Amino acid sequence: MARTTAPVPNGNLKIQLNGNNFKNENCKKNGYHNKAQKNSTAHSAGPPSSRQRFQRPESFENPPMYVAVMTYLGFGIVTLFGYFRDFLRAVGLEKCHIAREREEQKDFVPLYQDFENFYTRNLYMRVRDNWNRPICSLPGPVFDVMERVSPDYNWTFSLTGKTIDNVINMGSYNYLGFAENDGDFLKTVADRTQQYGLGVCSTRQEMGNLAIHEELEQLVATFLGVESSMIFGMGFATNSMNIPALVGKGCLILSDELNHTSLILGARLSGATIWVFKHNNMQSLERLLREAVCSGQPRTHRPWRKVLIMVEGIYSMEGSVVRLPDIVALKKKYKAYLYLDEAHSIGAVGPTGRGVTELFGLDPSDIDVMMGTFTKSFGAAGGYIAGKKELVDSLRSHSHSAVYASAMSPPVTEQILRAMKCIMGLDGTTVGQARVHQLAENTRYFRSRLQEMGFIIYGNDDSPVVPILLYMPGKVVAFSRAMLKRKIGVVVVGFPATPITEARARFCLSAAHTKAMLDQVLFDLNELGDDLCLKFSRRKYSPRPQQHNNNDDTDFELDS
Amino acid sequence: MGSPQVVRVGNNTSARLILNTWPLVCAPAYHLVLEGILILWIIRLLFSKTYKLQERSDLTEKEKEDLIEEWQPEPLVPPMSKDHPSLNYDIVTGPPSHKIIVNGKECINFASFNFLGFLDNERVKQKALTSLRRYGVGTCGPRGFYGTFDVHLELEDRLAKFMKTEEAIIYSYGFATIASAIPAYSKRGDIVFVDEAACFSIQKGLQASRSFIKYFKHNDMEDLERLLKEQEIEDQRNPRKARVTRRFIIVEGLYINTADVCPLPDLVKLKYKYKVRIFLEESMSFGVLGEHGRGVTEHFGVNIDDIDLISANMENAVASIGGFCCGRSFVIDHQRLSGQGYCFSASLPPMLAAAAIEALNIMEEDPEIFAILREKCKHVHKALQESPGVKVIGEAYAPALHLQLERSSGSRDTDVKMLRSIVDYCLERQIALTLARYLDKEERFLPPPSIRVVVTIEQTEEDIEKAASCIREAALAILK
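No experiment lies behind these values; they were computed from the predicted model shown. (Residues numbered from 1 in each chain as written. Chains lettered and ligands numbered in written order. Predicted model: local features only at pLDDT ≥ 70, side-chain atom pairs only at ≥ 80, totals over all residues. Heavy atoms only, no water.)

1. A word on the pattern of salt bridges
Oppositely charged side chains may form a pair once their charged atoms are brought near each other.
Link 1 in the chain: Here the structure, examined in full by the defined rule, presents 59 salt bridges over all chains.
Link 2 in the chain: Linking Asp66 of chain B and Lys62 of chain B is a salt bridge whose minimum nitrogen-to-oxygen distance equals 2.9 Å. One end of the pair is Asp66 of chain B and the other is Lys62 of chain B, both in helix α4 (residues 61-70) and 4 residues apart, which spans about a single turn.
Link 3 in the chain: Linking Asp223 of chain B and Arg226 of chain B is a salt bridge whose minimum nitrogen-to-oxygen distance equals 2.7 Å. Residue Asp223 of chain B and its partner Arg226 of chain B are located together in helix α9 (residues 221-237), separated by 3 residues, close to a single helical turn.
Link 4 in the chain: Classification of Asp223 of chain B as buried rests on a relative accessible area of 7%.
Link 5 in the chain: Owing to a relative accessible area of 42%, Arg226 of chain B belongs among the partly exposed residues under this scheme.
Link 6 in the chain: One network of salt bridges, with partners in common, ties together Arg85, Asp86, Arg89, Glu94 and Arg121 of chain A. (Salt bridge = Lys/Arg side-chain N within 4 Å of Asp/Glu carboxyl O. Helix = DSSP H or I, 4+ residues; strand = E, 2+ residues; numbered from the N terminus. Buried < 20%, exposed > 50% of the residue type's maximum accessible area, 1.4 Å probe, protein only.)

Below is the structure:
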């Protein structure tokens, strides 16, 4: 299979494999891991295997060599054309659509450097109809996309007023299907709107601390099984406005290379030193931890004040699940703190939807800072930070968000309360749990069918985020447009959101997807995969009765 | 080489030369090799460092383990006392509208930035409910990935029309608006001139931009011009660098920290004189200043095209959530790919966008409300003048004033405690006020402690009289 001599086009692939190797060896060799296992046996009532689960197989298959070559070639051609068009524009042979500076300000220092926008102007512009597609309905399992036309190759769009109805939604992060508009479900939200209005017009510390905010904070803490929690009005800002309250100068942040922008921004604003470790690679992390503790700060060699490891539960572009048991063991050994961003995993994984800690059967108190958002699984907006009471108390007085940013909107708060109660079964139904199970089932079904068809998909078998690798820029665009023609809304991403050779389509599964919908998507994918030659995988996928939880795939990985 | 006898007959100089080189030719090979090595050795000695670098003493595994064992990090968060002043928030039960229940007591609200009373507006609520029935609550995605709803497009369109600009872009959180907009344009190496009183989200945006920041004294145009002149001299020295260094002036329309207005016409003059772009943050002035509530540009009659970017939040006068930037498409459109808070965050819940649209509808239909608000502001400003021991900070038409102590006790903590007692005294008597909160250690220029007094159009004459007399009594009782 992947025993190819193809030069790995990007370090990323190799890293993944290393990570896998490491995990398997690790269990045998490294003392700390065994220790962790022993600990868990000591504390748990049940047999160790049921208490602590290990990582499901995670695959990152290398494409054939010709794919990498063609991808670079594709970008090369497009870039050449870009220069050619720039030349034509410069000599006035091609009409220039770019917005211009005002006449009065022509002699100012240009707001943008010309080369900065080369990629936008020449590449993104031509294909930008694949993003920002406006919709005019609920972002549920199906939605209505507003039809757009462009007379000038996407420089301007106009809406035709027509809609493409009932497009199957494979793009929204509606994991548990709480993006819904059923009157009965939303009754409490409507009541709250009627009672409170929409905004709060103040910050939490001034006059915006509503009783329902505190109610939600208690519920979040109970849901996660921690002492206390605090909620914030925007998920992105939860990271960027709270990390500076936790670490500062003289502290070290160890950040996964694929962390979300909000984490990176928060880390940067904190003033702490940032070291980046390879994605989900425990060897890389441990090397940095050792280095940090043994040599202290650069130049002065003062010991670091504290070390904070920042990871995400599920990485939204890779579909990989963090190696939490290993990281917890490392953080305990090196006395670091752990910041876990569960934006995509809370509600979406774990037998009862409690996120990655539950997926691995870990004690939530082992995670120092549990962060998550309400945008995805809960169909609302905002984020939370949960953990020990001291942590939350400190945030309540030092968080930038508590002092300077508006508190959470009451109807949004109510939606989260409603969704969370539903997942916890506090509404007296099993609807929430049924959805968690449905999502897990949909995930397994969809992933295994795609593998059968021969697509290269990334990520963990448990992850409802499923990236299908498309590699070549031309195919990305053709794929997205053809899927929309077949009434399936997909998200495609390429450079700069991914490494240049690894453009992909991302499918987000939802509990609200019915089997019929998934089958429709799979049918179209299969056809399109053949038409566009997207089935790059050279693995033999044989459906086995135990295919979903065996470890054979991992051995497969080791061979590569 | 010829033989020495022959040469001796010829030119004398060349003879000497050959004589000198003769031994080289005759020397045995081992000699040459040895000398060659010696020469290489000398070269090496010449170029190598004369001192030894500190001996690389790699730690042994055992030593490393010991170090790891010994290292004790600081606790993740510093320990805090339970009665820390910023820990125990006032609890609001029920809606934070004109009548507000704070800590179980019904009060008249002089604390929420609900200037136009839209929080409790039936039309706004109905519009939001209609949207809720259609779209649900969340958008479950960023704008790029099916998080763009027709409501968002409509709101952007309406905001652009309302402000009479080419384009507007909405963010899902007020704080993130200017904090994302600044680093979208101003990069490392660029220069930003900022007013000292700039609000916290501007400070965070500047920090994220990693630009070179120059603070000028609050509303002091001479100080700003001094800095601009300094920069001009600097530029003449290095014209090549100056050609690619972008410059920005970032000011607030109505300062949240000082409740006064920036001298916009003067700023525009400076803009063209020194070729600097102006970014204007209007969170406090949007929907407040100007005949039609368009903010400080309308207030001064400045052409809005002369301002490169205007940013405001929709969490104050509009009483929803979120923020927006507006200006020319040339400027604004860039944020759709570069504004971090725009690209990487879920979009604004449609019902909040719908509420903002309805608020804009009301603002357009009934510009009277801005005049009413101005009247109320003047009234409050005047009524507060007579309180002993405290001074009113801010313009007469500013809807969010500050009450500061006339004489500071010298310690910030004591000042804050005194002001807090005034707030508590008023809360007791059904007037809801709040301290202006800051993160003391994070602010670049920490404003003096103050009580915020917010004016809304819902406050009646009696309410204002009651509040003013209450503050007067409190000041008399506590500050004497």
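2. A word on the UniProt feature "transmembrane region" (unreviewed entry) in chain B
Link 1 in the chain: When the UniProt feature table is mapped to this numbering, "transmembrane region" (unreviewed entry) covers residues 29-47 of chain B.
Link 2 in the chain: Split by type, residues 29-47 of chain B is 100% helix and 0% strand. Its first and last C-alpha atoms lie 27 Å apart. (UniProt positions renumbered as here; feature names shortened; annotations may be inferred.)

3. A word on the layout of surface pockets
Link 1 in the chain: As a volume, the second largest pocket reaches approximately 1200 Å³.
Link 2 in the chain: Lining the second largest pocket we find 39 residues, and of these Ser397 and His398 of chain A together with His84, Ser86 and Asp440 of chain B sit closest to its centre.
Link 3 in the chain: For the lining of the second largest pocket, the secondary structure elements donating two or more residues are α8 (235-246) and α13 (389-398) of chain A together with α18 (412-428) of chain B.
Link 4 in the chain: Of the residues belonging to the lining of the second largest pocket, the class tally is 15 nonpolar, 9 polar and 15 charged. (1 Å grid on protein atoms, 1.4 Å probe; cavity = no way out; pocket = protein on both sides within 12 Å on 5 of 7 lines; lining within 4 Å. Points joined across faces, edges and corners; volume = space filled by probe spheres on them. Nonpolar A, V, L, I, M, F, W, Y, C, P; charged D, E, K, R; others polar.)

4. Describing the UniProt feature "domain: Aminotransferase class I/classII large" (unreviewed entry) in chain A
Link 1 in the chain: When the UniProt feature table is mapped to this numbering, "domain: Aminotransferase class I/classII large" (unreviewed entry) covers residues 166-522 of chain A.
Link 2 in the chain: End C-alpha atoms of residues 166-522 of chain A are separated by 17 Å, and the span's content is 42% helix alongside 17% strand.

5. Some thoughts on the nonpolar core
Link 1 in the chain: Phe446, Phe479 and Phe507 of chain A are the most contacted members of the largest nonpolar core, which totals 254 residues.
Link 2 in the chain: Considering each element in turn, this core owes the most residues, 11 residues, to helix α16 (residues 350-365) of chain B.
Link 3 in the chain: If we ignore the near neighbours within four places in the chain, the residues touching Phe507 of chain A are Met170, Phe446, Pro464, Val465, Val466, Ile468, Phe479, Met483, Val490, Val521 and Leu525 of chain A. (Core = buried A, V, L, I, M, F, W, Y, C linked by side-chain atoms within 4.5 Å. Contact = heavy atoms within 4.5 Å.)

6. So, the UniProt feature "domain: Aminotransferase class I/classII large" (unreviewed entry) in chain B
Link 1 in the chain: Per the UniProt record, the feature "domain: Aminotransferase class I/classII large" (unreviewed entry) sits at residues 106-469 of chain B.
Link 2 in the chain: This span, residues 106-469 of chain B, is 43% helix and 16% strand, and a straight line between its end C-alpha atoms measures 18 Å.

7. Re the interface of chain B and chain A
Link 1 in the chain: Counting residues at the interface gives 116 residues for chain B and 116 residues for chain A.
Link 2 in the chain: Looking only at chain B, the three residues that lose the most surface to chain A are Leu76, Tyr89 and Tyr146 of chain B, adding up to 10% of its buried area.
Link 3 in the chain: Linking chain B to chain A there are 7 salt bridges.
Link 4 in the chain: Linking Arg290 of chain A and Glu61 of chain B is a salt bridge whose minimum nitrogen-to-oxygen distance equals 3.0 Å.
Link 5 in the chain: Counting every contact that joins chain B to chain A gives 51 residue pairs in polar contact (both at pLDDT 80 or more).
Link 6 in the chain: With 10 residues, helix α5 (residues 122-135) of chain B is the single largest residue contributor to the side of chain B that touches chain A. (Buried area = accessible area lost by both parts, 1.4 Å probe. Polar contact = N/O pair within 3.5 Å; in protein donor to acceptor, adjacent residues only side chain to side chain.)

8. With respect to the packing of aromatic side chains
What describes a pair of aromatic rings is the distance from one ring centre to the other and the angle between the planes of the rings.
Link 1 in the chain: Following the criterion strictly, the structure yields 25 aromatic pairs over all chains and no others.
Link 2 in the chain: Ring centres 5.0 Å apart and planes at 50° place the aromatic pair Phe248 of chain B and Phe279 of chain B in the tilted group. Of this pair, Phe248 of chain B sits in strand β7 (residues 247-252) while Phe279 of chain B sits in strand β8 (residues 277-281); the two residues are 31 residues apart in sequence, bridging distant segments of the chain.
Link 3 in the chain: Classification of Phe248 of chain B by relative accessible area gives buried; the value is 0%.
Link 4 in the chain: For Phe279 of chain B, a relative accessible area of 1% puts it in the buried group.
Link 5 in the chain: Site record: aromatic cluster; members linked through ring pairs are Tyr112 of chain A together with Tyr185, Phe248, Phe279 and Phe330 of chain B.
Link 6 in the chain: When the ring centre of Phe157 of chain A is taken as reference, the NZ or CZ atom of Arg148 of chain A above it lies at 4.1 Å.
Link 7 in the chain: Here the basic side chain of Arg435 of chain A rests over the ring of Phe178 of chain A, its NZ or CZ set 4.5 Å away from the ring centre. (Phe/Tyr/Trp six-rings, centres within 6.5 Å; stacked < 30°, edge-to-face > 60°. Lys NZ or Arg CZ within 6 Å of the ring centre and 35° of its normal.)

9. Looking at the sheet that holds strand β12 (residues 465-471) of chain A
All names here are of chain A.
Link 1 in the chain: Strand order in the open sheet formed by 3 strands is β12-β15-β14, and the pairing between neighbours is antiparallel. For this open sheet the edge positions go to β12 and β14 (491-493), each flanked by a neighbour on one side alone. With direction set aside, neighbouring strand axes in the sheet form an average angle of 25°.
Link 2 in the chain: Bridge count for β12 against strand β15 (residues 503-508) is 6 bridges, and the pairing is antiparallel. Directly across from Ile468, in β15, lies its bridge partner Ala505. (Pairing = 2+ DSSP bridges. Axes fitted to C-alpha atoms, helices over the stretch in contact; angles between N-to-C directions.)

10. Overview of the packing of helix α10 (residues 282-295) of chain A against α4 of chain B
Link 1 in the chain: In the contact formed by α10 of chain A and α4 of chain B, the axes pass within 9 Å of each other and the chain directions differ by 80°. The pairing of α10 of chain A with α4 of chain B is recorded here as roughly perpendicular in orientation. Residues Arg290, Val293 and Cys294 of chain A of α10 of chain A form the contact with α4 of chain B, whose participating residues are Glu61, Lys64, Glu65, Leu67 and Ile68 of chain B.
Link 2 in the chain: Grouping the amino acids of the contact of α10 of chain A with α4 of chain B by side-chain chemistry returns 4 nonpolar, no polar and 4 charged. (Parallel < 35°, antiparallel > 145°, perpendicular 65-115°, else oblique.)

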